[in-house]
Amino acid sequence: MRALLGVAILVAAGGGALRADDPNPGRNRVATARNLPATWHVASGEGVLWSAELGTVTYGGPTIAGDLVVVGTNNERPRDQAVTGDRGVVMAFDRRDGRFRWQITHEKLEAGDANDWPLQGVCSTPSFDGERLYYVSNRGELVVADLEGVVDWSFDMVGEWDVFPKHMAASTPLVAGDLVFVSTSNGVTDDGRVPSPDAPSFAAFDRATGRPVWRDGSPGAGLIDGQWGSPSHGHAGGRAQIVFPAGDGWLYAFEPATGRALWRFDGNSALAADESERIESRHVFVATPVFLEDTVYVAAGRDPEASLRAGVLWAVDARRSGDVTASGTRWRFQDPDFGRAIATVAVDGGVVYAADLNGFLFALDAETGEKLWVYDSLSPFWSSPLVADGKVYAADTEGDVAVLRHGRTLEVLAEIAMPRPVYTSPSTDGSVVYLATSETLYALVARASGGGADA
């Protein structure tokens with residue numbers, strides 16, 4: 001179980017592109033769609049357009065890229081018999097019929113468990129900018145590839161910058177303008193030591209050449225946990241911003257072109273004094289912040305190996321400068337049932353949907369943080385909810401998918417049991433829902449396909 005928990009943080013990277021023509025820089029998990037399925041049945045093939053075999057552990061994607069669906073998985077079911085053994089793998093499938101198109105593989109780091117846990121594959125959810133794919137390999141490399149699976153460039157953050165990932169590197173890169181932004185995954189050892197306090201936590205690269213443009217190491221020796229979260233982009237207060245979630249429990253906002261610090265926010269400010277002194281009580285930001293208009297929404301969390309303590313969800317005013325912990329808090333949500341979270345929220349129609357590690361999906365008023373309703377899945381959520389076609393899709397670690405009516409009143413449309421756990425976040429191209437269990441990628445449609453292709 002630890003092998004799963006220690007690196008399953010990539011779920012926070014589920015704020016990646018939801019549509020092939022929308023890089024979604026604000027990371028809001030809301031998509032325009034019509035006639036998406038409210039139910040399906042895998043065993044009979046009802047509502048399954050096609051399915052494709054993956055590895056045995058899948059944490060990255062599915063990402064829609066042109067006529068492809070791309071996922072990060074492991075190599076326990078090799079597609080190339082000449083490339084065997086434990087590796088990180090990015091696989092691409094034809095979006096229309098699930099046919100396997102290509103793969104990129106990465107050898108494991110020699111450090112083993114400390115930085116590259118066995119059999120966990122590529123944990124980064126790839127991003128797509130309309131031309132190329134961007135992801136972080138299990139080796140801590142930022143990799144950029146075209147739609148034929150040819151790597152254009154890569155940058156080794158572990159080798160070049162002495163980054164120390166905790167168990168695994170996992171971040172969804174963000175493309176904005178001529179730059180690509182990424183969290184480096186620099187983190188701590190199992191006993192809480194920070195081996196590389198001078199290594200950067202956040203970085204920007206020239207998207208064409210891979211040249212580093214700026215980097216920042218603000219968390220430094222203050223890291224509490226690993227850093228597997230992903231940046232978001234938005235405009236507030238008349239300025240563009242890149243917002244990073246950090247492993248020291250702070251949010252950091254920067255000027256995109258220069259890396260100049262704009263504001264920072266302490267996610268542990270709601271803790272009592274005695275709690276804030278105990279390392280096990282303190283939160284970090286693993287979930288990807290959602291930047292919507294002038295507000296950033298994000299839930300606090302930890303590595304799921306840590307104790308499942310009470311959590312908090314913040315709405316932060318992004319128009320301010322400096323330490324905005326007090327002045328920038330629009331609201332915070334705390335509830336006896338709301339636990340730590342690693343899932344990215346979705347915000348639509350004045351409702352915030354937030355899934356936690358206790359197995360609850362909360363609906364909150366986006367303006368006030370007031371609780372509207374709560375759905376109990378009975379199993380932890382690592383997957384981030386998706387809002388599309390008037391529906392909310394939420395998948396838990398038992399493999400159960402809840403399809404709920406989008407709105408201010410709880411209405412359950414269906415509860416569907418998948419054959420394997422779901423750790424990734426669902427995506428859609430507007431007419432099909434793509435959902436990856438730990439072992440299989442499914443394309444799901446509103447009308448039965450009569451048993452689709454098994455690639």
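Everything quoted here is computed from the prediction, not taken from an experiment.

Here we look at the nonpolar core
Here comes step 1: In this structure, W40, Y393, M418, L435 and L444 are the most contacted members of the largest nonpolar core, which totals 19 residues.
Here comes step 2: Sequence-distant contacts of W40, defined by excluding residues within four places in its chain, comprise E46, G47, Y393, V401, V403, I416, M418, L435 and L444.
Here comes step 3: In terms of nonpolar packing, the next biggest core, distinct from the first, is built from 18 residues, V243, W263, F291 and V324 among them.

Concerning the side chain of S425
Here comes step 1: When you line up the elements, S425 lands in the loop between β31 (412-417) and β32 (427-428).
Here comes step 2: The class of S425 is buried, set by a relative accessible area of 6%.
Here comes step 3: Only 2.8 Å separates the side chain of S425 from the backbone nitrogen of S384, close enough to count as a polar contact.

Some points on unusual backbone geometry
Here comes step 1: For the peptide bond that leads from G61 to P62, omega is 0 degrees, which places it in the cis range.
Here comes step 2: Tracing the sequence through the fold places P62 in strand β3 (residues 58-65).
Here comes step 3: The backbone of R27 sits at a positive phi, close to 65 degrees, despite the residue not being glycine.
Here comes step 4: Position of R27 among the secondary structure elements: in the loop between α1 (2-5) and β1 (30-31).
Here comes step 5: The residue L119 is not glycine, and still its phi comes out positive at about 70 degrees.
Here comes step 6: Looking at the element boundaries, L119 is found in the loop between β6 (100-107) and β7 (127-128).
Here comes step 7: Judged by relative accessible area, which is 36%, L119 ranks as partly exposed.

What to know about the sheet that holds strand β10 (residues 151-156)
Here comes step 1: Ordered in space as β7-β8-β9-β10, the 4 strands form an open sheet in which the pairing is antiparallel. Here the strands that pair on one side only, and so sit at the sheet edges, are β7 and β10.
Here comes step 2: Note: strand β8 (residues 133-136) against strand β9 (residues 141-145), 4 bridges, orientation antiparallel. For Y135, the partnering residue across the bridge sits in β9 and is V143.

Focus: the side chain of R239
Here comes step 1: Turning to its location among the elements, R239 is positioned in strand β16 (residues 239-245).
Here comes step 2: Salt bridges are absent for the buried R239, whose nearest opposite-charge side chain, D317, sits at 7.7 Å.
Here comes step 3: Discounting residues that sit within four places of it in the chain, R239 has contacts with G234, L262, W263, A318, R319, R320 and S321.

Overview of the layout of surface pockets
Here comes step 1: Reported here for the largest pocket is a volume of approximately 210 Å³.
Here comes step 2: Residue lining of the largest pocket: 14 residues in total, with E293, T295, Y297, A366 and E367 positioned closest to the centre.
Here comes step 3: Counting residues per element, the ones that place at least two in the lining of the largest pocket are β20 (295-299), β23 (329-333) and β24 (346-348).

A short note on the sheet that holds β3
Within a beta sheet, neighbouring strands are joined by backbone hydrogen bonds and run either parallel or antiparallel to one another.
Here comes step 1: In space, the 4 strands of this open sheet follow the order β3-β4-β5-β6, with antiparallel pairing throughout. In this open sheet, the two strands that pair with only one neighbour each are β3 and β6. Each adjacent strand pair in this sheet contributes to an overall mean axis angle of 15 degrees, direction not counted.
Here comes step 2: Here 7 bridges tie strand β5 (residues 87-94) to β6, and the two strands are oriented antiparallel to one another. Paired with G88 across the bridge in β6 is H106.

What counts, and where the lines are drawn
- Residues numbered from 1 in each chain as written.
- Predicted model: local features only at pLDDT ≥ 70, side-chain atom pairs only at ≥ 80, totals over all residues.
- Heavy atoms only, no water.
- Core = buried A, V, L, I, M, F, W, Y, C linked by side-chain atoms within 4.5 Å.
- Buried < 20%, exposed > 50% of the residue type's maximum accessible area, 1.4 Å probe, protein only.
- Contact = heavy atoms within 4.5 Å.
- Helix = DSSP H or I, 4+ residues; strand = E, 2+ residues; numbered from the N terminus.
- Polar contact = N/O pair within 3.5 Å; in protein donor to acceptor, adjacent residues only side chain to side chain.
- Pairing = 2+ DSSP bridges.
- Lys, Arg positive; Asp, Glu negative; His and termini not counted.
- Salt bridge = Lys/Arg side-chain N within 4 Å of Asp/Glu carboxyl O.
- 1 Å grid on protein atoms, 1.4 Å probe; cavity = no way out; pocket = protein on both sides within 12 Å on 5 of 7 lines; lining within 4 Å.
- Points joined across faces, edges and corners; volume = space filled by probe spheres on them.
- Axes fitted to C-alpha atoms, helices over the stretch in contact; angles between N-to-C directions.

These figures capture arrangement, not role.
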